[in-house]
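For reference, the chains in residue letters:
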Amino acid sequence: MSDYGTRDHWDEVHDAVADTDHQSAIAANAVVGHMVALVNATLNARTAATSHGARRAVLLDVGAGHGVLARALAGPDRLVIASDIAAAPLAAAGRRHGDIGDRPTPRGLAADVLHPALKPGSVDVATCLRGLWTLPDPAAALAAMAGLLKPDGRLLVQLWAEAARCRLIGTGAALLGKALPSLTRPAGVPSPFDITPAMLADMAAPAGLALDRVETGETAVRVTDAASYWREFDAVAETAAAARKQAPAALRARIDAALPGVLGRVLSRDPTLPPDHDGWLAPIAWSLCVLAPIRTG
Ligand SMILES: C[S@@+](CC[C@H](N)C(=O)[O-])C[C@H]1O[C@@H](n2cnc3c(N)ncnc32)[C@H](O)[C@@H]1O
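Described below are features of the structure shown in this document. (Residues numbered from 1 in each chain as written. Predicted model: local features only at pLDDT ≥ 70, side-chain atom pairs only at ≥ 80, totals over all residues. Heavy atoms only, no water.)

**Some points on the overall build of the chain**
Consideration 1: Looking only at helices and strands, one finds 11 helices and 8 strands in the chain.
Consideration 2: Relative to the 2.2 N^0.38 estimate, which gives 19 Å for 297 residues, the radius of gyration of the chain is 19 Å and therefore close to what a compact globule would have.
Consideration 3: If you line up the chain on its principal axes, its C-alpha atoms span 60 × 40 × 40 Å.
Consideration 4: Considering the chain as a whole, with its 297 residues, one finds that 48% of them fall into the buried category.
Consideration 5: Within the chain, contacts between residues at least 6 apart in sequence are counted, and of these 78% link residues at least 24 apart.
Consideration 6: For the chain, the exposed area adds up to about 13,300 Å²; of that, 55% sits on carbon and sulfur atoms.
Consideration 7: Side-chain charges in the chain split into 28 positive and 30 negative, and the spacing between the mean points of these groups amounts to 3 Å. (Helix = DSSP H or I, 4+ residues; strand = E, 2+ residues; numbered from the N terminus. Rg over C-alpha atoms; globule rule 2.2 N^0.38 Å. Buried < 20%, exposed > 50% of the residue type's maximum accessible area, 1.4 Å probe, protein only. Contact = heavy atoms within 4.5 Å. Areas by Shrake-Rupley, 256 points an atom, 1.4 Å probe, with all protein chains shown as cover. Lys, Arg positive; Asp, Glu negative; His and termini not counted. Charge placed at Lys NZ, Arg CZ, Asp CG, Glu CD.)

Next comes the structure, spelled out in structure tokens:
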């Protein structure tokens, strides 16, 4: 696989992990649903406070991947732009037009977050879902996103909670990390659990953004075997998912055979299941952080 974080890396990940992998994933959809609710509440609060009601809001999803969030945000009162360094997922987002009936399709924008190719001060709400820690320079990315916001715009950044509350990701990642050396994180690349809301606030301050609001969410999904576990895992950990899918079949089979034992050791048993059924609860928890431009003068 190409060097982590390059455009080639993400093209390969998106090739390996199809958009359809996200559709039946309960945990990934829970985070998207929470994000959509918070974007809608943010837009409604601004509409109530200002005279913006009549014009179409401009929403920008940065690092949009296959466009799961951008499609969920689409609506007649908004222009939704799905932006990503990798171009292929944006085409996939467009192809799925039929799935959302009359709702407008998000516009695709193939661009590096550091060079967004949009007018400064043109965006009402920017979103970054499962993306900040994947970017080579998160602080510079925050500054670039801040520059795109209108003076009363908002940036919504999703972060995972600490690793102990995100065993849905950590359990599979640890197992895959032992089996697949390509998954060793390069020095200096943050783990998905490294950035807290307080650290985000510190990182965003030089970009002229202040933390306005934090909402937290959590869920625990029932997994009963390797297939049900990877279905949930793949939709929230694409780089690891892609490496597993590209591994030789014999190695994949060994990983799958080891997985139930690991799940049994690390996760709580689902107490609602009869004693003769295997099933565990894989927790995942997140923060949604709303950043607002700091008013000067
Ligand atoms: C973990 S994926 C998340 C995708 C999507 N937000 C989701 O939740 O399904 C991270 C995304 O960030 C994109 N990305 C990585 N580096 C980027 C950069 N420098 N500029 C723009 N997008 C980037 C990747 O191509 C990938 O689609």
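**So, helix H10 (residues 238–246)**
Consideration 1: Within H10, 7 of the 9 residues are buried, which leaves it mostly tucked inside the rest of the structure.
Consideration 2: For H10, the set of buried residues is Glu238, Thr239, Ala240, Ala241, Ala242, Ala243 and Arg244.

**Some points on helix H1 (residues 7–16)**
Consideration 1: When we look at burial in H1, the residues that qualify are His9, Trp10, Val13 and His14. Each buried residue of H1 lies within a common arc of 125° when the element is viewed along its axis, so the set occupies one face. (Arc of directions from axis to C-beta.)

**Quick word on the site of the ligand**
Consideration 1: In the vicinity of the ligand, 15 residues are found, and the nearest of them are His14, Gly63, Asp84, Val113 and Leu129.
Consideration 2: Contact distances for the ligand include 2.5 Å between an oxygen atom and a side-chain N or O atom of Asp84.
Consideration 3: Residue Leu129 places a main-chain N or O atom 2.8 Å away from a nitrogen atom belonging to the ligand.
Consideration 4: Class assignment for the residues of the shell around the ligand results in 7 nonpolar, 4 polar and 4 charged. (Near = heavy atom within 4 Å. Polar contact = N/O pair within 3.5 Å; in protein donor to acceptor, adjacent residues only side chain to side chain. Nonpolar A, V, L, I, M, F, W, Y, C, P; charged D, E, K, R; others polar.)

**Describing unusual backbone geometry**
Consideration 1: You will see that Ala117, though not glycine, has its phi angle at about 55°, which is positive.
Consideration 2: The residue Ala117 is located in the loop between strand E3 (107–110) and strand E4 (123–128) in this model.
Consideration 3: Looking at Ala117, the relative accessible area reads 63%, which means it is exposed.
Consideration 4: A positive phi angle, close to 50°, is found at Arg130, a residue other than glycine.
Consideration 5: With respect to the helices, strands and loops of the structure, Arg130 is situated in the loop between E4 and helix H6 (138–148).

**A closer look at the pairing of strand E1 (residues 57–62)**
Consideration 1: With 6 of its 6 residues buried, E1 lies for the most part within the structure.
Consideration 2: Judged by which residues are buried, E1 turns out to be covered on both faces: Ala57, Leu59 and Asp61 on one side and Val58, Leu60 and Val62 on the other are all buried.
Consideration 3: Direction of pairing for E1 relative to strand E2 (residues 78–84): parallel, over a ladder of 6 bridges. Bridge pairing in E2 places Val62 opposite Ser83.
Consideration 4: Note that the unit made of E1, helix H4 (residues 68–73) and E2 has a crossover that is right-handed.
Consideration 5: When E1 meets E4, the two strands line up parallel, connected through 3 bridges. Considered in E4, the bridge of Asp61 is made with Thr127. (Pairing = 2+ DSSP bridges. Right-handed = clockwise from strand over helix to strand, strands pointing away.)

**Comments concerning the packing of aromatic side chains**
Consideration 1: Per the counting criterion, the structure on display carries 4 aromatic pairs.
Consideration 2: Summarising the aromatic geometry, the rings of Trp133 and Trp160 are spaced 6.5 Å apart at their centres and angled 40° between planes, so their arrangement reads as tilted. Of this pair, Trp133 sits in the loop between E4 and H6 while Trp160 sits in strand E5 (residues 149–160), and the two are 27 residues apart along the sequence. Considered together, Trp133 and Trp160 belong to a single accessibility category, that of buried residues.
Consideration 3: On the numbers, 5.3 Å between centres and 80° between planes, the contact of Trp230 with Phe233 is edge-to-face. Taken together, the residues span about one helical turn, with Trp230 and Phe233 both in helix H9 (residues 226–234) at a distance of 3 residues. Considered together, Trp230 and Phe233 belong to a single accessibility category, that of buried residues.
Consideration 4: Cluster of aromatic residues (ring-pair linked, three or more members): Tyr229, Trp230 and Phe233. (Phe/Tyr/Trp six-rings, centres within 6.5 Å; stacked < 30°, edge-to-face > 60°.)

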